[in-house]
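The residues making up each chain are set out below.
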Amino acid sequence: MYAIIGGSGIYNPGMLNEVLMRKINTPFGIVHAMCGKLNDISVVFMPRHGVNHSVPPHMINYRANMWALKSIGVTRIVSTSAVGSLKEPITPGSYVVLSDFLDFTKRRPLTFYEGTNSLVEEKDVVHIDVTNPYCPQLREVVIRSGNRIGLSMVPKGVYVCTEGPRFETAAEVRMFSGLGGDVVGMTNVPEVILARELEMCYSSVAMVTNYAAGTSSEKLTHTEVLDIMEKNKESINKLLLDVIPSIPLERTCKCEQALLGAKG
Ligand code: HPA
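Quick look at the structure, then.

### Considerations on the environment of L119
- Tracing the backbone shows L119 in the loop between β7 (100-104) and α2 (136-148).
- Note on L119: relative accessible area 52%, which makes it exposed.
- Distance in space between the C-alpha atoms of L119 and F28 is 7.6 Å, their sequence separation being 91 residues.
- For L119, the residues in contact, after removing those within four places along its chain, are P27, F28 and R63.

### A short note on the pairing of strand β11 (residues 201-211)
- Of all eleven residues that make up β11, ten are buried, and the element is covered over most of its length.
- Strand direction decides the pairing type here: strand β5 (residues 76-85) and β11, joined by ten bridges, are parallel. Bridging from a neighbouring strand, V78 pairs with S203 of β11.
- Examined bridge by bridge, strand β6 (residues 95-97) and β11 share three bridges and lie antiparallel to one another. The residue bridging Y95 from the neighbouring strand is M207, located in β11.

### A closer look at the packing of helix α1 (residues 62-71) against helix α4 (residues 188-197)
- For the pair α1 and α4, interaxial distance at closest approach is 9 Å and the crossing angle is 35 degrees. Both α1 and α4 take part in a crossing whose hand is right-handed. Facing Y62, R63 and M66 of α1, the residues of α4 in contact are P190, E191, L194 and A195.
- The residue makeup of the contact of α1 with α4, split by class, is five nonpolar, no polar and two charged.

### Considerations on the site of the ligand
- Within the structure, the ligand sits among A82, V83, G84, F167, E168, V184, G185, M186, T209, N210, L220 and V225.
- Within the contact set of the ligand, a nitrogen atom lies 3.2 Å away from a backbone nitrogen or oxygen of A82.
- A distance of 3.3 Å is found between a nitrogen atom of the ligand and a backbone nitrogen or oxygen belonging to G84.
- Among the secondary structure elements, those contributing two or more residues to the shell around the ligand are β5, β10 (183-185) and β11.
- Broken down by element, the residue count for the shell around the ligand peaks at three residues, all from β5.
- By residue class, the composition of the shell around the ligand is seven nonpolar, four polar and one charged.

### Topic: the packing of aromatic side chains
- A full pass over the atoms with the stated rule returns five aromatic pairs.
- Their ring planes at 65 degrees and their centres at 5.9 Å tell us that F28 and W67 sit as a pair that is edge-to-face. You can see F28 sitting in the loop between β2 (17-26) and β3 (29-38) and its partner W67 sitting in helix α1, a full 39 residues away along the chain.
- Accessibility expressed as a relative area gives 12% for F28, which makes it buried.
- Assessed through its relative accessible area of 24%, W67 is described here as partly exposed.
- Within the aromatic cluster, the residues linked to one another by ring pairs are F28, W67 and F112.

### Examining unusual backbone geometry
- Following G164, the chain continues into P165 via a peptide bond in cis, with omega recorded as -5 degrees.
- In this fold, P165 is placed in the loop between β9 (158-162) and α3 (170-178).
- For the peptide bond that leads from V189 to P190, omega is 15 degrees, which places it in the cis range.
- Counting through the fold element by element, P190 comes out in helix α4.
- Phi at D40 takes a positive value of approximately 70 degrees, unusual for a residue other than glycine.
- Structurally, the position occupied by D40 is in the loop between β3 and β4 (41-47).
- Look at E199: it is not a glycine, yet its phi comes out positive at around 60 degrees.
- If you trace the backbone, E199 turns up in the loop between α4 and β11.

What counts and what doesn't
- Position numbers for residues start from 1 in each chain and track the written sequence from start to end.
- Local features are withheld for residues below a pLDDT of 70 in this predicted model, meaning they are given only at 70 or higher, and side-chain atom pairs are given and counted only at 80 or more; totals for whole chains, interfaces and linings count all residues.
- Computation of side-chain values: all heavy atoms of the structure, hydrogens and water removed.
- Helix numbers and strand numbers start at the N terminus; a helix is a DSSP run of H or I with at least 4 residues, a strand a run of E with at least 2.
- Only protein chains enter the accessibility calculation, which uses a 1.4 Å probe; a residue whose area is less than 20% of its type maximum is buried, one above 50% is exposed, and one in between is partly exposed.
- Note on definitions: a residue-residue contact is assigned when non-hydrogen atoms from the two residues lie within 4.5 Å.
- Only strands joined by at least two bridges in the DSSP assignment are considered to pair.
- Every axis corresponds to a line fitted to the C-alpha atoms, with the helix fit spanning only the stretch in contact, and the corresponding angles, defined between N-to-C directions, vary from 0 to 180 degrees.
- With the far helix as reference, a near helix turned anticlockwise by less than a right angle produces a left-handed crossing, and one turned clockwise produces a right-handed crossing.
- Nonpolar residues are Ala, Val, Leu, Ile, Met, Phe, Trp, Tyr, Cys and Pro. Charged residues are Asp, Glu, Lys and Arg, and all others, Gly as well, are polar.
- Working definition: residue near molecule or strand if any one of its non-hydrogen atoms lies within 4 Å of it.
- Within 3.5 Å is the distance limit for a polar contact, defined as a pair of N or O atoms, with the added protein rule that one can donate a hydrogen and the other accept it, and that residues adjacent in sequence qualify only through two side-chain atoms.
- The pairing test for Phe, Tyr and Trp rings, Trp by its six-membered ring, is centres within 6.5 Å, and the orientation test on the planes gives stacked under 30 degrees, edge-to-face over 60, and tilted for anything in between.

By themselves, these figures tell us nothing about what the structure is for.
Okay, here's the thing in structure tokens:
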């Protein structure tokens, strides 16, 4: 089964048929997800911020979300998010297929594996390899689909994840850019890490809604971000409609063996 995680502005699975809301129990809490079909393919849709954007980035129960997806049989995830650009050539309106991240979060549970304190059965110490955190096979599919339907695609990019919920200062933006970041957002960490710990393929397409703070003289607002996401909703849905049926059945990546050699 495949999953779509909808970020800011993407709250309902418009592209799915036969949608049923499912309540899923996890060791981290209850999760609601919408299960449906796209061209006979089973797809679950999860709005990351809740149905009415009621959960801010730093309060999202990432572990419950990812555990829930794994427990209902999800093997591959395509996620969307809104980001600010840290680099002039990455213009608002483009779609960045994320390839790496820099973690600047501060107080989020980042792992399922907490040794003897773990809420899951597995009590081992686990150090997962995240050299390539995003699934290379899914990334290829997303890039090809985006190009096919004529979106302005950026085939790779380093995502800086901040704690939020505030936007960045101008000095932070200069630092992030200098450190090699391409775009900035508040949600991809720990989502991508937790998917990997559960050996699910994870890819993410980041819609650039704005240049990051301090790059222009205008104040950056959340309303502006949501307005732009609303305007681009159709394109994102079109992209997902093309991506899901294009995913090859066979997993040629190594995501399925992410835990191999990771336990101490
Ligand atoms: N910063 C952080 N998160 C964001 C931004 C930004 O500029 N734009 C959209 N999400």
